[in-house]
Amino acid sequence: MPWQRLDRLVPDEFDPYWQLTLRFLLIAREVWPGILAERGAIEPAMRRDRLIAAEAARLASRVGKPVIAAGSTGSMPATARLLATIAA
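Residues numbered from 1 in each chain as written. Predicted model: local features only at pLDDT ≥ 70, side-chain atom pairs only at ≥ 80, totals over all residues. Heavy atoms only, no water.

> An account of the overall build of the chain is requested, with residue identities and associated values reported.
A tally of regular secondary structure across the chain gives three helices and zero strands. The helix and strand sequence of the chain, counted from the amino end, reads α-α-α. Each principal axis of the C-alpha atoms in the chain carries an extent, and together these give about 60 × 35 × 15 Å. The buried share among the 88 residues of the chain stands at 14%. When the accessible surface of the chain is summed, it comes to about 7100 Å², and 62% of that surface belongs to carbon and sulfur atoms. Side chains of the chain give 12 positive and 9 negative charges; the mean places of these two sets differ by 14 Å. (Helix = DSSP H or I, 4+ residues; strand = E, 2+ residues; numbered from the N terminus. Buried < 20%, exposed > 50% of the residue type's maximum accessible area, 1.4 Å probe, protein only. Areas by Shrake-Rupley, 256 points an atom, 1.4 Å probe, with all protein chains shown as cover. Lys, Arg positive; Asp, Glu negative; His and termini not counted. Charge placed at Lys NZ, Arg CZ, Asp CG, Glu CD.)

> How would you explain the environment of Ala-69 if you had to name every residue and give the values?
Tracing the backbone shows Ala-69 in the loop between α2 (44–60) and α3 (77–87). For Ala-69, a relative accessible area of 41% puts it in the partly exposed group. Placed 18 residues apart in sequence, Ala-69 and Ala-87 show a C-alpha to C-alpha distance of 8.8 Å. When residues no more than four places from it in sequence are discounted, the contact partners of Ala-69 are Leu-83 and Ile-86. (Contact = heavy atoms within 4.5 Å.)

> Got a sec to walk through the packing of aromatic side chains? Specific residues and values, please.
Following the criterion strictly, the structure yields one aromatic pair and no others. Each ring, one from Tyr-17 and one from Trp-18, has its centre 5.2 Å from the other, and the planes form 75 degrees; the classification is edge-to-face. Taking relative accessible area as the criterion, Trp-18 reaches 42% and is therefore assigned partly exposed. (Phe/Tyr/Trp six-rings, centres within 6.5 Å; stacked < 30°, edge-to-face > 60°.)

> Please give an account of a nonpolar patch on the surface that cites residues and values.
A cluster of nonpolar side chains, Phe-14, Tyr-17, Trp-18 and Leu-20, forms an exposed patch at the surface whose accessible area comes to about 440 Å². Relative to the assigned elements, Leu-20 resides in helix α1 (residues 16–39). Residue classification places Leu-20 among the partly exposed positions, given a relative accessible area of 47%. (Patch = residues over 30% accessible without salt bridge, like charges linked within 9 Å, V, L, I, M, F, W, Y side chains within 5 Å. Salt bridge = Lys/Arg side-chain N within 4 Å of Asp/Glu carboxyl O.)

> I'd like a rundown of α1, residues and numbers included.
Under the 1.5 Å per step criterion, the end-to-end length of α1 is 35 Å for 24 residues, consistent within 8% with the ideal 34 Å. The sharpest bend along α1 measures roughly 30 degrees and falls at Val-31, with the proline Pro-33 sitting one to four residues further on. Three or more residues of α1 are buried, namely Leu-22, Arg-29 and Leu-36. Backbone nitrogen of Tyr-17 and a side-chain oxygen of the N-cap are separated by 2.8 Å at the start of α1; the cap is Asp-15. At the exit of α1 stands Gly-40, carrying a positive phi of roughly 65 degrees. (Expected span 1.5 Å × (residues − 1). Bend = angle between axes of the 7 residues up to and from the residue. Polar contact = N/O pair within 3.5 Å; in protein donor to acceptor, adjacent residues only side chain to side chain.)

Here is the structure:
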């Protein structure tokens, strides 16, 4: 989830405690990308999507060889693209 979506998470009419929480999360979202960069790391969801894309590319090169996809609904865009690759 993009950090910016947090800005719309708590309506102004909610208890001020929630606005305080959002201010804390603002600090986290400003600092977290730098921490990841220092460690040479990426967000888990981005890693997942890259791994799925790499598998889709690998499978796309296996023309004529059967592949079976089981246990996935394709609810995430990366998974839906993988399933489309398998179906092709």
